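Reading the structure
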Amino acid sequence: MKRLTVLALAAVATALAGLAAPAAASAAGTGSIIACQRYAQNFVTKAPGVYDIWTDAFGGNPECLTESVTAPAFTISSGFAKTPLGSVQAYPHISVSNFKPTELSKVGGEAVTWSTTQRTTDGAAADDAWAADTDDWISRTRTSTTPRAELLIWLNRQGPPGFYPTPVHNRVYRVDGAKWYLVSWAAAGNRTWTYIQFRRVRPAASVRAMAMAPFFQAAEKAGLLKPWWWQQTMEAGFEIWSGGQGLAVGNFSASLSPAEIAPVPTAAADRWNESLP
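Report on the accompanying structure.

**As for the overall build of the protein chain**
Each helix and strand in the protein chain was counted, giving three helices and 18 strands. Counting the 277 residues in the protein chain, one finds 52% classified as buried. Put simply, of all contacts in the protein chain between residues at least 6 apart along the chain, 72% involve residues at least 24 apart. Summed over all atoms, the accessible surface of the protein chain reaches about 11600 Å², with 54% contributed by carbon and sulfur.

Spelled out as structure tokens, the structure:
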């Protein structure tokens, strides 16, 4: 799936000043803005992280987010028209903008806390198709712009019959205190990488201090990752195939080691994502 994100240094400077880029959103009242552009951004700070809220509607269908200007949180205030299921159409998400690329063997205490609202409000929930997940892109080297793997952690999903059915024949892994199905396949586009998906056996709407290293280690044991590869991004949100109005991220934060924190927000992850299919 495409994460077409282009970040200007001017936008970083604006974010550090605590301001939203004027072209990205319109006012929505105290403490929030409405963002409807295809790749609208909004920076917020929750120490030690600087977070970037993205609409990321790469499929071209209209979408609006109501985004907090004081916390890493958003609600999909208008979703997509109900369309026949095809490829994923958007990934409204929150990324850690000051995350520094990290070798997998040195991930250490990296952990994610986030809560979600998984009830749509458009009156036709049966037609909605989405997945609540974290998404981490991984490359062979620190400076590489070529994806080698994409590791997703699905908390839950919704869709019509047959939408990502339960992988009953796949091995179940116990990771960070919960049981997960592990599925993988080769994803092809402009380049080819390994798509790795941990899907929670018992769906959840939130996680607290979910450690990332055990997921990387489980994927390494399955022969899907190498410990000397590099984690390039850290983000979480909703993959949307259809609908989605009312879905929300109410709280997102990342616990990082000092080695994983850049001194200021960087465009590295966004530049790295530019060429993804």
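**Digging into the nonpolar core**
Core analysis: the largest hydrophobic core is formed by 50 residues, its most contacted members being Trp114, Leu151, Trp180, Ile196, Phe198, Leu225 and Phe252. Among the elements that line this core, the one with the most residues is helix α2 (residues 213-221), at five residues. Look past the residues within four positions of Ile196 in its chain and what remains in contact with it is Ala149, Glu150, Leu151, Leu152, Leu182, Val183, Ser184, Ala219, Leu224 and Leu225.

**Details of α2**
Residues spaced three or four apart along an α-helix point in a common direction, a consequence of the helix completing one turn every 3.6 residues. Of all the positions in α2, only Ala213, Phe215, Phe216, Ala218 and Ala219 are classed as buried. Of the residues flanking the end of α2, it is Gly223, one or two places downstream, whose phi is positive at about 80°.

**Some remarks on the side chain of Thr113**
When you line up the elements, Thr113 lands in strand β9 (residues 111-117). The exposure class assigned to Thr113 is buried, which follows from its relative accessible area of 15%. A distance of 2.7 Å separates a polar atom in the side chain of Thr113 from the backbone nitrogen of Ala209. If near-sequence neighbours (up to four positions away) are discounted, Thr113 is found in contact with Val207, Arg208, Ala209, Asn251, Phe252 and Ser253.

**Looking at the side chain of Asn156**
Relative to the assigned elements, Asn156 resides in strand β11 (residues 149-158). Residue classification places Asn156 among the buried residues on the basis of a relative accessible area of 18%. Side-chain polar atoms of Asn156 contact the side chain of Gln118, separated by 2.7 Å. For Asn156, the contacting residues outside a window of four places in its chain are Gln118, Trp130, Ala131, Ala132, Pro203 and Ala204.

**Some points on the environment of Trp114**
Turning to its location among the elements, Trp114 is positioned in strand β9. Between the C-alpha atoms of Trp114 and Asn251, which are 137 residues apart in sequence, the distance is 5.0 Å. Leaving out residues up to four positions away in the same chain, Trp114 has contacts with Ala132, Asp133, Thr134, Leu155, Ala205, Ser206, Val207, Ala236, Gly237, Val249, Asn251 and Phe252.

Cut-offs used in this document
- Residues numbered from 1 in each chain as written.
- Predicted model: local features only at pLDDT ≥ 70, side-chain atom pairs only at ≥ 80, totals over all residues.
- Heavy atoms only, no water.
- Helix = DSSP H or I, 4+ residues; strand = E, 2+ residues; numbered from the N terminus.
- Buried < 20%, exposed > 50% of the residue type's maximum accessible area, 1.4 Å probe, protein only.
- Contact = heavy atoms within 4.5 Å.
- Areas by Shrake-Rupley, 256 points an atom, 1.4 Å probe, with all protein chains shown as cover.
- Core = buried A, V, L, I, M, F, W, Y, C linked by side-chain atoms within 4.5 Å.
- Polar contact = N/O pair within 3.5 Å; in protein donor to acceptor, adjacent residues only side chain to side chain.

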